[in-house]
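Residue-level structural notes
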Amino acid sequence: MSGDRGVKDRGVKAEETRQRLLACAERLFAEQGLDAVSNRQISEGAGQANNYAVGYHFGSRTELLRTLLRMHVERLDVIRQRNIDDIGTSTELRDWLRCLIAPQLEYIGTGPGVSYFGQFWLAMATSPATAPVLYTEAARSESLAVTLAGMYAALPPLAEETVRVRNLMTQNILITTFADFERRRNELGASDSTSWQGFSDAMVDGLVGLWSAPVTTG
C-alpha cells in the first residue's frame, strides 16, 4: 500500500512540475519572445534545480509548445461549442464570426488574473519556425472547423483569391488584436470581466465589414 501511495505522490508531483513549467514558459515566451528564452531559463523560472527539466518532462521544445497549445485549444473548444449550440443552424455571417471571435476574448477576459495566452499565440504566429505548429494544432479543433464551415457558407459569392486574401487579413487581425486586448487588460490589473463582450461585438462588426466589402472588378 505504501508503495502505491509513493507512486501516486510522485505522479502528482510530476504533474505539478509540468504545470509550473508550462506556466513559466508561456509567460516568458509572451514577455520576451520565443527565441530569447532558453529551456534553462524556463526551468529556473519554474523553480527547478534541474536545468534539463523541460527535456525530462516534455521531451523537446516543440512538444512543450504543442502541450501549451493543446491545453488552450481544449478549453476554447468548450466555449466555442457553447456558442455554436446557441446559434443552431443560423445562416447569418455575424453569428459565425461571433463564434470565431468571442471564445478567445471570453477566455482572456474572464480569467482570474493576468494571462499570457494571447501574447504567446502572437509570438508563435510571428516566428517562421513555430507558426506551422500553431496552425496545425488549431486545425485539430472540431468546433473551429464547424465555425469556419458555417462562416464560409454564409458568405456572398467571392472569388477564390478574394477569400484567400481576406482569410489572411482575418487571421492577422485576430491574433494581434487578441494579444493587444490581453496586454491592456493585464496593465489594468486584470480585474475586469465584462469589457470583453463589447470588445468582441466591435471586432465582429469590423470583420463583418471586411468580409462583406464590395470587390473591385474590371
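Looking at the overall build of the protein chain
Within the protein chain, the secondary structure is distributed over 10 helices and zero strands. Secondary structure elements of the protein chain, listed N to C terminal, follow the sequence α-α-α-α-α-α-α-α-α-α. Principal axes of the C-alpha set define a box for the protein chain whose edges measure 70 × 35 × 35 Å. Within the protein chain, the fraction of its 218 residues that count as buried is 45%. Contacts in the protein chain between residues far apart in sequence, at least 24 positions, make up 73% of those at least 6 positions apart. Surface accessibility of the protein chain: about 11800 Å² in total, with carbon and sulfur atoms responsible for 54%. Separation of charge centres in the protein chain, based on 22 positive and 26 negative side chains, amounts to 6 Å.

Section: helix α5 (residues 93-109)
Here α5 contains 17 residues, and its C-alpha end-to-end distance of 24 Å stays within 8% of the 24 Å for a straight helix at 1.5 Å per residue. Along α5, the helix axis deviates most sharply at Ile101, where the bend reaches about 35°; the proline Pro103 sits within four residues downstream. Judged by how many residues are buried, α5 sits mostly within the fold: 15 of 17 residues are covered.

A word on the nonpolar core
One finds Phe29, Ile42, Leu97, Ile101, Phe120 and Trp211 to be the most contacted residues of the largest nonpolar core, which totals 59 residues. Not counting residues within four places of it along the chain, the set of residues in contact with Phe120 comprises Glu26, Phe29, Ala30, Leu34, Leu65, Leu68 and Leu69.

Concerning the environment of Gly150
With respect to the helices, strands and loops of the structure, Gly150 is situated in helix α8 (residues 142-154). Gly150 gets classed as buried once you look at its relative accessible area, which sits at 13%. For the pair Gly150 and Ser90, spaced 60 residues apart in the sequence, the C-alpha separation amounts to 8.2 Å.

Side note on the packing of aromatic side chains
Within the structure shown, the criterion is met by four aromatic pairs. Relative to Phe120, the ring of Phe29 has its centre 6.1 Å away and its plane inclined at 20°; by these criteria the two rings are stacked. With Phe29 in helix α1 (residues 2-32) and Phe120 in helix α6 (residues 117-125), this residue pair connects regions lying 91 residues apart in the sequence. Considered together, Phe29 and Phe120 belong to a single accessibility category, that of buried residues. A connected cluster of aromatic rings, assembled from ring pairs, spans Tyr107, Phe117 and Trp121.

Conventions we followed
- Residues numbered from 1 in each chain as written.
- Predicted model: local features only at pLDDT ≥ 70, side-chain atom pairs only at ≥ 80, totals over all residues.
- Heavy atoms only, no water.
- Helix = DSSP H or I, 4+ residues; strand = E, 2+ residues; numbered from the N terminus.
- Buried < 20%, exposed > 50% of the residue type's maximum accessible area, 1.4 Å probe, protein only.
- Contact = heavy atoms within 4.5 Å.
- Areas by Shrake-Rupley, 256 points an atom, 1.4 Å probe, with all protein chains shown as cover.
- Lys, Arg positive; Asp, Glu negative; His and termini not counted.
- Charge placed at Lys NZ, Arg CZ, Asp CG, Glu CD.
- Expected span 1.5 Å × (residues − 1).
- Bend = angle between axes of the 7 residues up to and from the residue.
- Core = buried A, V, L, I, M, F, W, Y, C linked by side-chain atoms within 4.5 Å.
- Phe/Tyr/Trp six-rings, centres within 6.5 Å; stacked < 30°, edge-to-face > 60°.

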